[in-house]
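Here is how the chains run, residue by residue.
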Amino acid sequence: MNKNYFAILMAGGVGSRFWPVSTSEFPKQFHDMLGTGETLIQKTFGRLSKLIPEENIFILTNEKYNDLVLSQLPQVSQEQVLLEPAMRNTAPCILYASLKIKKINPDAVMVVAPSDHWIEDETAFINNLQTAFDFCEKDNALMTLGIQPTFPNTGFGYIEYDKSDTNNVKKVSQFREKPDYETAKEFLKSGNFLWNAGIFIWSAKSIIQAFEALQPQMYNLFMLGYGAYNSDLEKVFIEENYAESENISIDYAVMEKAPNVFVLPATFDWNDLGTWGSLYEKLPKDNQLNAVVNASVFLENASNNIIRTDAKKMIVIDGLNDYIIVDREDVLLIYPKGKEQEIKRITEIINK
């Protein structure tokens, strides 16, 4: 395997729309959401390790998930787990990890990948990732993998590229915020808009140069600790300084401002598994379009439901259609699928 290839695996999110399974103590990336026998972070790590040496995969997560990471990924050393002492969105942690990686290998190229996405065609993903690595090794480029939209989704940001660009890797014209339904329909009709999946590829040199130019305050903050990275002094520096960084995403901090942003239209199936509805789409279903995970069920007059329990519990349902039914420990959720975006608000009220 190429020793210059690295990965930053983002595993710090809470996934509150998957409550009551996903909680702040045990978020969705550490659950086997699809009943495959592997948790989402295990699946993502295994996919990346087909191209990237295991020792070059770094996991970015919150301090409180350190033990969960090490227990689910026993092949990973403590040095590969980068702990955020404060929640500061994606830009600070990506800069921190990139500086560490550059110090290890100045010729590094890396992928930044969320730990909770579902990718079915892993061979196509690896082929796309290889194309992106090849491009970023030769060019000073910040790249992203754009997903071909299959319907006018209003829950994703979009990437617009020049229609006249005939190259496989295309120059990004602009990033577009989550649209309303009519705008999303126009995006699809145009044919040069892709979903922004939050998968980024670049060389260590290119991303650090971009931070230096576009986020000088953040760059200077993390450069203060450059001499300490990958040593015993790193933990103290991060604990004392990390919270001083701005709370800002990589999209706003760098990608929407940089002049050298490119996109590769992906050839693999993708789902961000952000809600119970998106999980429902990926699960096998019975004749009445019910998706069942772990449970034993007896169903009458029930259709289009997603049903999940932790244990092999018998669930009996009559007369429910288009519902989310989730049983976990001391919580039972029975909620209309059409109102799934409200689950995050409900959890905030309950947990006050």
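In the block above lies the structure referred to throughout.
Residues numbered from 1 in each chain as written. Predicted model: local features only at pLDDT ≥ 70, side-chain atom pairs only at ≥ 80, totals over all residues. Heavy atoms only, no water.

Applying the stated criterion across every chain, the model contains 15 salt bridges. Three or more residues joined by partner-sharing salt bridges are found here, namely Glu 38, Lys 43, Arg 47, Lys 50 and Glu 122. (Salt bridge = Lys/Arg side-chain N within 4 Å of Asp/Glu carboxyl O.)

One open sheet accounts for 4 strands, arranged β12-β14-β16-β17; its pairing is mixed. The two strands at the open ends of the sheet, each matched to only one other strand, are β12 (291–293) and β17 (331–336). The sheet shows a mean angle of 5° between the axes of neighbouring strands, taken without regard to direction. Relative to strand β16 (residues 323–328), strand β14 (residues 306–309) runs parallel, the two being bridged by 4 bridges. (Pairing = 2+ DSSP bridges. Helix = DSSP H or I, 4+ residues; strand = E, 2+ residues; numbered from the N terminus. Axes fitted to C-alpha atoms, helices over the stretch in contact; angles between N-to-C directions.)

With 17 residues, helix α4 (residues 122–138) extends 25 Å between its outermost C-alpha atoms, agreeing within 8% with the 24 Å of an ideal straight helix rising 1.5 Å per residue. Of the positions making up α4, those classed as buried are Glu 122, Ala 124, Phe 125, Ile 126, Asn 128, Leu 129, Ala 132, Phe 133, Phe 135 and Cys 136. The opening residue of α4 is Asp 121, an N-cap whose side-chain oxygen sits 3.4 Å from the backbone nitrogen of Thr 123. (Expected span 1.5 Å × (residues − 1). Buried < 20%, exposed > 50% of the residue type's maximum accessible area, 1.4 Å probe, protein only. Polar contact = N/O pair within 3.5 Å; in protein donor to acceptor, adjacent residues only side chain to side chain.)

Looking now at the nonpolar core. Ranked by size, the top nonpolar core spans 49 residues in total, and within it Leu 48, Ile 52, Val 111 and Ile 201 carry the most contacts. When residues of this core are assigned to their parent elements, the largest contribution, 8 residues, is made by α4. Membership of the second largest hydrophobic core comes to 47 residues, among which are Met 10, Ile 159, Ala 253 and Val 254. (Core = buried A, V, L, I, M, F, W, Y, C linked by side-chain atoms within 4.5 Å.)

Turning our attention to the packing of aromatic side chains. For the structure shown, the criterion picks out 19 aromatic pairs. Ring geometry for Tyr 226 against Tyr 229: centres 6.2 Å apart, planes inclined by 80°, an arrangement best described as edge-to-face. Taking the relative accessible area as the measure of exposure, Tyr 226 reaches 23% and is therefore partly exposed. Linked through ring pairs, Tyr 96, Phe 222, Tyr 226, Tyr 229, Phe 237 and Tyr 242 together constitute an aromatic cluster. Lying across the ring of Phe 262, Lys 171 places its NZ or CZ 5.7 Å from the centre. Across from the ring centre of Tyr 280, 3.9 Å away, lies the NZ or CZ of Lys 337, which sits over that ring. (Phe/Tyr/Trp six-rings, centres within 6.5 Å; stacked < 30°, edge-to-face > 60°. Lys NZ or Arg CZ within 6 Å of the ring centre and 35° of its normal.)

What follows covers the pairing of β14. Burial of β14 is two-sided: the residues Ile 306 and Arg 308 facing one way and the residues Ile 307 and Thr 309 facing the other way are all buried. In this sheet, β14 lies alongside β12 in parallel orientation, the contact comprising 3 bridges. By the bridge assignment, Val 292 is partnered in β14 with Ile 307.

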